[in-house]
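Understanding the architecture of this molecule
Each chain, letter by letter, is given below.
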Protein chains: 2
Amino acid sequence: MKLVQIYQCLCDETRLRLLNLLLKGPLCVCHLHGVLGESQVKISKHLGYLKARGLVTAKREGNWMIYALPPERERPPELVANLACLQDCTAENAVFKRDRAKLAKQDLSCSPLAAGAARGTKAKTCF
Amino acid sequence: MKLVQIYQCLCDETRLRLLNLLLKGPLCVCHLHGVLGESQVKISKHLGYLKARGLVTAKREGNWMIYALPPERERPPELVANLACLQDCTAENAVFKRDRAKLAKQDLSCSPLAAGAARGTKAKTCF
DNA sequence: AAGCTATATTCTTATATTAGAATATAGATC
DNA sequence: GATCTATATTCTAATATAAGAATATAGCTT
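A look at the overall build of chain A
- Check the secondary structure of chain A and you find 6 helices and 3 strands.
- For chain A, the succession of helices and strands along the chain, N to C, is α-α-β-α-α-β-β-α-α.
- The C-alpha atoms of chain A give 15 Å as radius of gyration, which agrees with the globular expectation for 127 residues (14 Å, within 12%).
- With 127 residues in all, chain A has 44% of them scored as buried.
- Partitioning the contacts of chain A with sequence separation of at least 6, the portion at a separation of at least 24 is 61%.
- For chain A, the accessible surface area stands at approximately 6,600 Å², while carbon and sulfur atoms represent 52% of it.

Here's the deal with the sheet that holds strand 2 (residues 57-61) of chain B
Residue and element names in this part refer to chain B.
- Taken in spatial order, the 3 strands line up as 1-3-2 in an open sheet, and their pairing is antiparallel. Each edge of the open sheet is held by one strand with a lone partner, namely strand 1 (27-28) and strand 2.
- Taken together, the 5 bridges between strand 2 and strand 3 (residues 64-68) define a ladder with antiparallel strand orientation. Following the sheet pairing, Lys59 is matched in strand 3 by Ile66.

Brief notes about the pairing of strand 3 of chain B
Residues and elements named next belong to chain B.
- Relative to strand 3, strand 1 is paired through 2 bridges, and the arrangement is antiparallel. When the bridges of strand 3 are listed, Cys28 appears paired with Ile66.
- As consecutive antiparallel partners, strand 2 and strand 3 are separated by 2 residues, and within that stretch Gly62 has a phi angle of approximately 60 degrees, a positive value.

Focus: the packing of helix 2 (residues 13-22) of chain A against helix 3 (residues 29-36) of chain A
All names here are of chain A.
- Put simply, helix 2 and helix 3 touch, their axes get as near as 11 Å, and they point 120 degrees apart. Compared by their axis directions, helix 2 and helix 3 come out oblique. As helix 2 packs across helix 3, the resulting crossing turns out to be right-handed. Listed contacts from helix 3 to Thr14, Arg17, Leu18 and Leu21 of helix 2 are Leu32, Val35 and Leu36.
- Residues of the contact of helix 2 with helix 3, tallied by class, amount to 5 nonpolar, 1 polar and 1 charged.

What counts, and where the lines are drawn
- Residues numbered from 1 in each chain as written.
- Chains lettered and ligands numbered in written order.
- Predicted model: local features only at pLDDT ≥ 70, side-chain atom pairs only at ≥ 80, totals over all residues.
- Heavy atoms only, no water.
- Helix = DSSP H or I, 4+ residues; strand = E, 2+ residues; numbered from the N terminus.
- Rg over C-alpha atoms; globule rule 2.2 N^0.38 Å.
- Buried < 20%, exposed > 50% of the residue type's maximum accessible area, 1.4 Å probe, protein only.
- Contact = heavy atoms within 4.5 Å.
- Areas by Shrake-Rupley, 256 points an atom, 1.4 Å probe, with all protein chains shown as cover.
- Pairing = 2+ DSSP bridges.
- Axes fitted to C-alpha atoms, helices over the stretch in contact; angles between N-to-C directions.
- Parallel < 35°, antiparallel > 145°, perpendicular 65-115°, else oblique.
- Left-handed = near helix turned anticlockwise from the far one by under 90°.
- Nonpolar A, V, L, I, M, F, W, Y, C, P; charged D, E, K, R; others polar.

Geometric descriptors of this kind do not, in isolation, establish any biological role.
This is the structure in structure tokens:
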């Protein structure tokens, strides 16, 4: 993985916000969409950009696409370093904090990410 | 300083190479030009880009412009973190190592950066 | 002041990025 | 199989970035 490509991924505000959330764990598009409040197309395209460059992985689960950071053991050192740095830099920042707070409050029950126990109460749709 | 602006500065290979060298200390344009082997215009424009966003400072000394990272006490935390990360990520990289080696070998005597003692032997021109 | 050196700016062209609108697709459900 | 949901792609237009060529400028030196 080339260093400059990592920075190319990090040089857009929307992508930074996405990565900030993915640092908390895997998420499907609809939840990222819900937290950021940006259009579905915009979210999807930026996730595609990140995926094409190896910053995130994607796997389908039924209707949902689950995006995540690559498994820790497979992250090249430059990525490890920059993700740590990003986490550090976003820790006290208002926008990123708000996004994380919004994620924490969000109903995740529509997606396969919901904890097994809560599955029964799954919402019918995301939107 | 906005985080995304730092990344916008870091997302170009030429600018990464410039910053890699400036991490070693202040330098004038002609030495950066000499090490990178890129055109003077290209170097100057990228330095201008970095300066406009506060990643580097510039001061004139006679004919020379001396570029440097901002004084440590004035660096916002995001910049401190990202410069440390950059130093880490470039430490073992071939291109960046070669640039540093080339800088170490380079004759700096043309510029005001030459040590006082060596001033007498100053080269007439850079090129 | 004339000429030289180091550096910056302007102009132009090529390319990349970004976003929205409209549409397409994959997989589930009825 | 028709429909619905979540997500992706295509098309288009606006804007940003990057690089080179030519030229300009600031400050020395003579």
